[in-house]
Amino acid sequence: MTSSETPPPGQPSPPASPRRRSGSAVRRWGVRLLIGLAVVAAVAVSLWWLFLADRITRSVEGWITAGHAAGVEASVGTLSVSGFPFELAIDARELSERRPDGIAWTTPRMTGTASVAEPTRISVAVPEPLMIELPTAAGGPVTLSIDQIAAALDLAGFDGRRDGRATLTGVAVSVPTPDADAGAVVAARC
């Protein structure tokens, strides 16, 4: 009896030969699994980046709102977050703050970058002059001009896991002296 023939009535059918998966079917299954994992990873990274970008925007809005509640005039002209998918690049324009005690600062631009993997470690730069106005006992304010600031901030210390650190580099400060000519300044460089 050949395998294509049917058995006579009353006799059991011969067992079917086990079917083996071909190598190409296993490869197709593996490729589908890898593609599925890549899609899940891409969606997870995208959602994480969007979450962090939203947190940055909300933090700046919270700083302004909290300042207003304490009598501080704070403002940011524009704020943008870019760098998708692996970096958070923050660009803030026209920042200013004036406190009730008379201390004020303003800068045309401040930038920051952080890795999506370590969003609490931020490199901050103030590439354009930061103007700081300090009140004096004599009545008139003293204005400090800081030409450039580069800082590395580790904000992880604020959650209690590590010590928070801040490092400033490349700071140039110009302070007008009250007893000098109008154009004279004292400059310091760090």
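Residues numbered from 1 in each chain as written. Predicted model: local features only at pLDDT ≥ 70, side-chain atom pairs only at ≥ 80, totals over all residues. Heavy atoms only, no water.

Asks: Can you break down the pattern of salt bridges residue by residue, with the values?
Replies: Tallying each qualifying case throughout the model produces 6 salt bridges. For Asp54, the salt bridge identified is with Arg58, shortest N-O distance 2.7 Å. Of the two residues, Asp54 and Arg58 are both situated in helix H1 (residues 23-69); the distance of 4 residues between them amounts to about one turn of the helix. Note on Asp54: relative accessible area 33%, which makes it partly exposed. A relative accessible area of 55% means that Arg58 is categorised as exposed. Here Asp91 makes a salt bridge to Arg109, at a shortest N to O gap of 3.1 Å. Placement of the pair is Asp91 in strand S2 (residues 87-98) and Arg109 in strand S3 (residues 104-115), with a sequence separation of 18 residues. Taking relative accessible area as the criterion, Arg109 reaches 24% and is therefore assigned partly exposed. (Salt bridge = Lys/Arg side-chain N within 4 Å of Asp/Glu carboxyl O. Helix = DSSP H or I, 4+ residues; strand = E, 2+ residues; numbered from the N terminus. Buried < 20%, exposed > 50% of the residue type's maximum accessible area, 1.4 Å probe, protein only.)

Asks: Describe in detail the environment of Glu61, supporting the description with residues and values.
Replies: Tracing the chain through its elements places Glu61 in helix H1. Glu61 sits 15 residues away from Val76 along the chain, and the two C-alpha atoms are 8.9 Å apart.

Asks: Before we move on, can you summarise unusual backbone geometry with the specific residues and values?
Replies: In this structure, Pro85 follows Phe84 across a cis peptide bond, with omega equal to 15°. As for its placement among the helices and strands, Pro85 is situated in the loop between strand S1 (73-82) and S2. Of note in the backbone geometry, Glu94 takes a positive phi value of approximately 55° without being a glycine.

Asks: Before we move on, could you go through a nonpolar patch on the surface and cite the residues and values that matter?
Replies: There is a patch of nonpolar side chains on the surface, built from Val31, Ile35, Val39, Val43, Leu47 and Leu50 and spanning about 560 Å² of accessible area. As for its placement among the helices and strands, Val31 is situated in helix H1. In this structure Val31 comes out as partly exposed when scored by relative accessible area, which is 46%. (Patch = residues over 30% accessible without salt bridge, like charges linked within 9 Å, V, L, I, M, F, W, Y side chains within 5 Å. Areas by Shrake-Rupley, 256 points an atom, 1.4 Å probe, with all protein chains shown as cover.)

Asks: Quick rundown of the packing of aromatic side chains? Include the residues and the values.
Replies: Applying the stated criterion to the full structure yields 3 aromatic pairs. Judged by centre distance (5.6 Å) and plane angle (25°), the rings of Trp48 and Phe51 are stacked. Linking Trp48 with Phe51, this pair stays in helix H1, spanning 3 residues, or about one helical turn. Geometrically, the ring pair formed by Trp49 and Phe84 is edge-to-face, given 5.4 Å between the ring centres and 85° between the ring planes. With Trp49 in helix H1 and Phe84 in the loop between S1 and S2, the pair connects residues that are 35 residues apart, well separated along the chain. (Phe/Tyr/Trp six-rings, centres within 6.5 Å; stacked < 30°, edge-to-face > 60°.)

Asks: Describe in detail the pairing of S3, supporting the description with residues and values.
Replies: Where S2 and S3 come together, 11 bridges link them in antiparallel fashion. Residue pairing for S3: Ala89 is matched across the bridge by Thr113. Linkage of S2 to S3, two consecutive antiparallel strands, is achieved through a turn of 5 residues, within which Gly102 is found at a positive phi near 100°. Relative to strand S5 (residues 130-134), S3 runs antiparallel, the two sharing 3 bridges. Within S5, the position partnered with Trp105 by the bridge is Ile132. Pairing of S3 with strand S4 (residues 121-126) involves 4 bridges; the strand directions are antiparallel. Bridged to Thr113 within S4 is Ser123. The hairpin formed by S3 and S4 contains 5 residues between the paired strands. (Pairing = 2+ DSSP bridges.)

Asks: Report on the nonpolar core, specifying residues and quantitative values.
Replies: The biggest cluster of nonpolar side chains holds 7 residues, and these are Trp49, Leu52, Ala53, Ile56, Leu88, Ile90 and Val116. Elements that contribute at least two residues to this core include exactly H1 and S2. Among residues more than four places away in sequence, those in contact with Leu52 are Leu88, Val116 and Pro119. (Core = buried A, V, L, I, M, F, W, Y, C linked by side-chain atoms within 4.5 Å. Contact = heavy atoms within 4.5 Å.)

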